[in-house]
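Analysis of the macromolecular model
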Amino acid sequence: TVTHTGLIGLGTMGAALALNIAEKGFPIAVWNRTAAVTRAFHAGAGELAARITPTDTLEALVQAITPPRAIILMVPAGQAVDDQMAALAPLLGPDDLVIDAGNANFRDTNRRDGADLPFRFMGIGVSGGEEGARHGPAIMAGGPDAAWAQMKPLLQAIAARAEDGTPCADHMGPSGAGHFVKAVHNGIEYADMQMISEVYGVMRDGMALPAADIAPVFDRWNAGPLQSYLIEISAQVAAAADPIGGGPILDMIVDAAGQKGTGRWTAVEAQHLAAPVPVIEAAVMARNVSARRDERAAGQARFGAAKAKITLPLDDLEQAMIAGKILCYAQGFAMMTAAAKEFGWALDMPAIARVWRAGCIIRSSMLNDMAQALAEDPARNLILAPFFAGLLDKGLPALRRVVANGALQALPLPALSAGLAWFDLMRQARGTANMIQGQRDFFGAHGFDRLDGKDAHHGPWGSPA
Ligand code: NDP
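Residues numbered from 1 in each chain as written. Predicted model: local features only at pLDDT ≥ 70, side-chain atom pairs only at ≥ 80, totals over all residues.

A closer look at the overall build of the protein chain
Of the regular secondary structure elements, the protein chain holds 19 helices and 8 strands. Computed over its C-alpha atoms, the radius of gyration of the protein chain comes to 25 Å, within 12% of the 23 Å expected for a compact globule of 465 residues. Dimensions of the protein chain, computed from C-alpha atoms along their principal axes, come out at roughly 80 × 65 × 45 Å. Taken over 465 residues, the protein chain has a buried fraction of 47%. In the protein chain, the proportion of contacts linking residues at least 24 apart, taken out of those at least 6 apart, comes to 69%. (Helix = DSSP H or I, 4+ residues; strand = E, 2+ residues; numbered from the N terminus. Rg over C-alpha atoms; globule rule 2.2 N^0.38 Å. Buried ≥ 20, exposed ≤ 12 C-beta atoms within 10 Å, placed from the backbone. Contact = placed C-beta atoms within 7 Å.)

Take a look at the structure:
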């Protein structure tokens, strides 16, 4: 058999991906900066070792691969990718392809793609963590059509499959499009996780439910419209016992969330695009606040702990989550529509929803319905798709009750309330920015448009009406 594929970086993701590739019948040559890691990886590859060629130098790696070569980089995003590309440059030619499969910022991928490289280049977003990489991730590819055509058989073979059998790997567009879509995926991931943690907080602090009683609630939701990997694992997180103290492990975990920054990138890019993604922004904000434990303790000492007593039915929480989730995804897809316009990409919204259906962290049954609604009209905001408008009719009253009760009783619900505020703006035909335009004209002579179309573009400031 001939080896056309190589992989650099046998860390958590690279090792899992290499095994997945070998398992699907593609021979692969591998190289790692620390050679001992390569040898240990090969020794531990079992029967797949026969399809894996371990190499000790970059030269040996390149020689072990028959053109047309495709070399996948699975090293930390940033400088390591630039360094590896520079090291490969003298060894590769114009028919060879280098694929950055790490969590690159899409602006870096655009920059690398635009540079004068001696080889071809593409950037792919890989989601699903180690388990996904090993048994089937979701893959969002960006790069030239020819590079996608070359890699499609391999990438679709190793990817997760949706229930209807479609592989969750697709071409998003040129240059940084794949990494961009992956970043939005991660932003939505932050938002989904935050909304789950908020309703967990309502149950824990507002309803005094112990973790053992919260787990079955998530389990029940997982059998309905909220069916998703994140709800499923939340049930398991709530159910797990502390191996040391014996109580729920959830009650022992420090309440400060880590982050690698991809959610923040999404929020920052959304600001660049003037695309409103308040649920994602709230989720990033909440993680940042979570890290400030001392300040929060001081806040509680001064202002007192919330003594909440929420008497809403659990069904309200489920309906609020359904509405919040729709609002969040509507914002995410609208952000991608804005990016497609800004960067000249033909992002295929239904295809993105389909790729997210399996393998990735935000996989959920609702993405099936989103793919369908987006296929009806990709440019229409998801909240206006009849199917989701119907779900919102049902979920919004509950979302209002949950957010209102949270506000009155000092239970923080930043993501759910940000979603609701956005929705109420989005359904208000006559907004309040006429006041802002009046103020801007008053102090800065910025002018304004009139509703009647007549052209008095400045105000009569100083002369009372
Ligand atoms: P690990 O830390 O497990 O592995 C990093 C790998 O990169 C190691 O093989 C390491 O080699 C190598 N490496 C580190 N620095 C350099 C360098 N300067 N030059 C060459 N090789 C280097 O990372 P992960 O596998 O978790 O992550 C890899 C990429 O995948 C990242 O971009 C990450 O953001 C992304 N990703 C990770 C996910 C996850 O769940 N972990 C999910 C999705 C994407 P050595 O053995 O010599 O240290």
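Focus: the site of the ligand
Taken together, the neighbourhood of the ligand is formed by 22 residues, with G11, M13, R33, G102 and N103 sitting nearest. At the level of secondary structure, the elements contributing two or more residues to the shell around the ligand comprise α1 (12-23), α4 (79-88) and α6 (129-135). Among the residues making up the shell around the ligand, the classes are represented as 9 nonpolar, 10 polar and 3 charged. (Near = placed C-beta within 6 Å. Nonpolar A, V, L, I, M, F, W, Y, C, P; charged D, E, K, R; others polar.)

Looking at the sheet that holds strand β7 (residues 138-142)
Spatial ordering of the open sheet is given by β3-β2-β1-β4-β5-β6-β7-β8, a layout of 8 strands whose pairing is mixed. Edge positions in the open sheet fall to β3 (52-54) and β8 (169-173), since each of these has one partner strand only. Here the strands of the sheet are splayed against their neighbours by 25 degrees on average, with no regard to which way each runs. Relative to strand β6 (residues 120-127), strand β5 (residues 97-100) runs parallel, the two sharing 4 bridges. For D100, the partnering residue across the bridge sits in β6 and is G123. Across the sheet, helix α2 (residues 35-43) lies against β2 (28-31) and β3, angled at about 155 degrees from β3, the strand it touches most. (Pairing = 2+ DSSP bridges. Axes fitted to C-alpha atoms, helices over the stretch in contact; angles between N-to-C directions.)

Details of the UniProt feature "active site" (unreviewed entry) in the protein chain
Under the feature "active site" (unreviewed entry), the UniProt entry names K182 and E189. Note on placement: K182 falls in helix α8 (residues 177-206). Beyond its immediate stretch of four places on either side in the chain, K182 contacts G125, S127 and M140. Contact partners of E189, with chain neighbours within four places excluded, come to I361 and I362. (UniProt positions renumbered as here; feature names shortened; annotations may be inferred.)

Topic: the nonpolar core
Grouped together as the largest cluster of nonpolar side chains are 142 residues, with contacts concentrated most on A18, I99 and I326. Considering each element in turn, this core owes the most residues, 16 residues, to helix α14 (residues 314-343). Three or more residues apiece are contributed to this core by two domains, here domain 1 (5-175) and domain 2 (183-426). (Core = buried A, V, L, I, M, F, W, Y, C linked by C-beta atoms within 7 Å. Domains from an automatic or database assignment.)

So, the environment of D82
Along the chain, D82 falls in helix α4. In the structure, D82 is positioned 26 residues away from D108 in sequence and 9.4 Å away in space, judged by C-alpha atoms.

Digging into the pairing of strand β1 (residues 5-8)
The two faces of β1 match: T5 and L7 on one face and G6 and I8 on the other face are all buried. Relative to β2, β1 runs parallel, the two sharing 4 bridges. Bridging from a neighbouring strand, L7 pairs with V30 of β2. With α1 bridging β1 and the parallel β2, this β-α-β connection has right-handed handedness. (Right-handed = clockwise from strand over helix to strand, strands pointing away.)

Quick word on the domain arrangement of the protein chain
Segmentation of the protein chain into domains returns domain 1 (5-175) and domain 2 (183-426). Listed per partner, the contact involves 22 residues of domain 1 and 17 residues of domain 2. Those elements that place two or more of their residues in the side of domain 1 that touches domain 2 are α6, β7 and β8. Top element by residues in the side of domain 1 that touches domain 2 is β8. It accounts for 4 residues.

Regarding the confidence of the model for the protein chain
Of the residues in the protein chain, 99% have a pLDDT of 70 or more, and the chain-wide mean is 96. Across the whole predicted complex the pTM is 0.96, and at the interface the ipTM reaches 0.98. (pLDDT = per-residue confidence, 0-100.)

Structural notes on the pairing of β7
Burial within β7 is extensive, with 5 of its 5 residues counted as buried. Every second residue of β7 is oriented toward a common face, with A138, M140 and G142 on one face and I139 and A141 on the other, all of them buried. Examined bridge by bridge, β6 and β7 share 5 bridges and lie antiparallel to one another. Directly across from S127, in β7, lies its bridge partner A138. Examined bridge by bridge, β7 and β8 share 4 bridges and lie parallel to one another. Bridged to I139 within β8 is A169.

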